[in-house]
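Each chain, letter by letter, is given below.
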Amino acid sequence: MTGRRSGLGRGLESLIPGGDVGQSATQFVDVDSLEPNPLQPRIRWDETQLAALADSIREHGIIQPIVVTRGRGAKPYQIIAGERRWRAAQRAGLRTTPVLVREATPSQILEIALVENIQRSDLNPIEEALAYRHLTDEFGLKQSEIAERVGKSRPAIANTMRLLTAPAPIREAVANEDISAGHARALLAVDEPGRQVALLELVLARGLSVRETEALAQRSPAPKRPARPRTVDVETRAIERELQRAFGTNVAITRGKDGGRITISFHSDEELNAILGRMLTDDELV
């Protein structure tokens, strides 16, 4: 469609120096002369998919060449894109494999591997988040720059990287595809990590959907914090109760010598919108 940016950002051709990968000469090299990409974002390899790909390669060979660069270790070549094909070729017993040799920096190698995996929806959200963080920590890329490279929005990159703040059991559940990234983000709306893990167990036990998990998180009580001693007169306490009934959430009024403040608690965007709606439409509150 004219005017629309590709969902893959700049694409593999623009990330790999030396022109169009589809237009370059293919070489055949020994399968054992290749080494994996140490910056490969994929951590888990599906054994069933590898076996199926090996069967296909055994029958038809490798149709799409593996993109490599000159090796930096014991092997002559290091894989840039196509590690799964290489692993399957080894299983299939191939002695040689077609490759395209390209020059690439470590940053470009990671970018290309990341784009290729996203292209095939091969990464789980945690692997994707780790790759983004590596681009940020090791190569100094901003989230907006990563978004441009992989063809996603900056908020999408931020939301994916936020998964890394989840407790280990939640990250593991996402990586194992026991829950989705949407489930994890819903659980992260709860402040206390221990409570997040407790809710995860409920989500898994009940097989809750993302919407049901969001509702569960909204009903989860806020963590108890040490209360600061404060003196509240009867009139102020009565006003607090009225406001709590009106908004359906906790309200605290603090008075001081020069005035005071009203604190209205909310635990999600939906609760905030409901509170704002009451404030703007309820005649008793305007």
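In this report, the structure presented in the accompanying data block is examined. Note that the structure is predicted; figures quoted are calculated from it, not measured.

What counts, and where the lines are drawn
Residues numbered from 1 in each chain as written. Predicted model: local features only at pLDDT ≥ 70, side-chain atom pairs only at ≥ 80, totals over all residues. Heavy atoms only, no water. Axes fitted to C-alpha atoms, helices over the stretch in contact; angles between N-to-C directions. Helix = DSSP H or I, 4+ residues; strand = E, 2+ residues; numbered from the N terminus. Parallel < 35°, antiparallel > 145°, perpendicular 65-115°, else oblique. Contact = heavy atoms within 4.5 Å. Nonpolar A, V, L, I, M, F, W, Y, C, P; charged D, E, K, R; others polar. Buried < 20%, exposed > 50% of the residue type's maximum accessible area, 1.4 Å probe, protein only. Arc of directions from axis to C-beta. Left-handed = near helix turned anticlockwise from the far one by under 90°. Patch = residues over 30% accessible without salt bridge, like charges linked within 9 Å, V, L, I, M, F, W, Y side chains within 5 Å. Areas by Shrake-Rupley, 256 points an atom, 1.4 Å probe, with all protein chains shown as cover. Salt bridge = Lys/Arg side-chain N within 4 Å of Asp/Glu carboxyl O.

Focus on the packing of helix H9 (residues 181-188) against helix H11 (residues 210-219)
- Where H9 meets H11, the axes come as close as 8 Å, and the angle between the chain directions of the two elements is 5 degrees. It follows that H9 is roughly parallel to H11 by the angle criterion. On H11, the residues touching Gly182, His183, Ala186 and Leu187 of H9 are Val210, Thr213, Glu214 and Ala217.
- Among the residues forming the contact of H9 with H11, the class breakdown is four nonpolar, three polar and one charged.

Digging into H11
- Listing the buried residues of H11 in full gives Thr213, Leu216 and Ala217. The buried side chains of H11 occupy one side of the element, clustering within an arc of 100 degrees when seen end-on. In H11, those exposed residues whose orientation departs by more than 90 degrees from the buried face are Arg211 and Arg219.
- Packing partners of the buried residues in H11 comprise H9 and helix H10 (193-206).

Focus: the packing of H10 against H11
- One can describe the packing of H10 onto H11 by two numbers: an axis separation of 11 Å at closest approach and a directional angle of 145 degrees. Regarding H10 and H11, the two cross each other, and that crossing is right-handed. Contacts between H10 and H11 involve Leu199, Leu202 and Val203 on the former and, on the latter, Thr213, Leu216 and Ala217.
- Among the residues forming the contact of H10 with H11, the class breakdown is five nonpolar, one polar and no charged.

Some remarks on a nonpolar patch on the surface
- Together, Leu276, Met279 and Leu280 line one region of the surface with nonpolar side chains, adding up to about 300 Å² of accessible area.
- Within the secondary structure, leucine 280 is located in helix H13 (residues 269-281).
- When its relative accessible area of 69% is taken as the criterion, leucine 280 is described as exposed.

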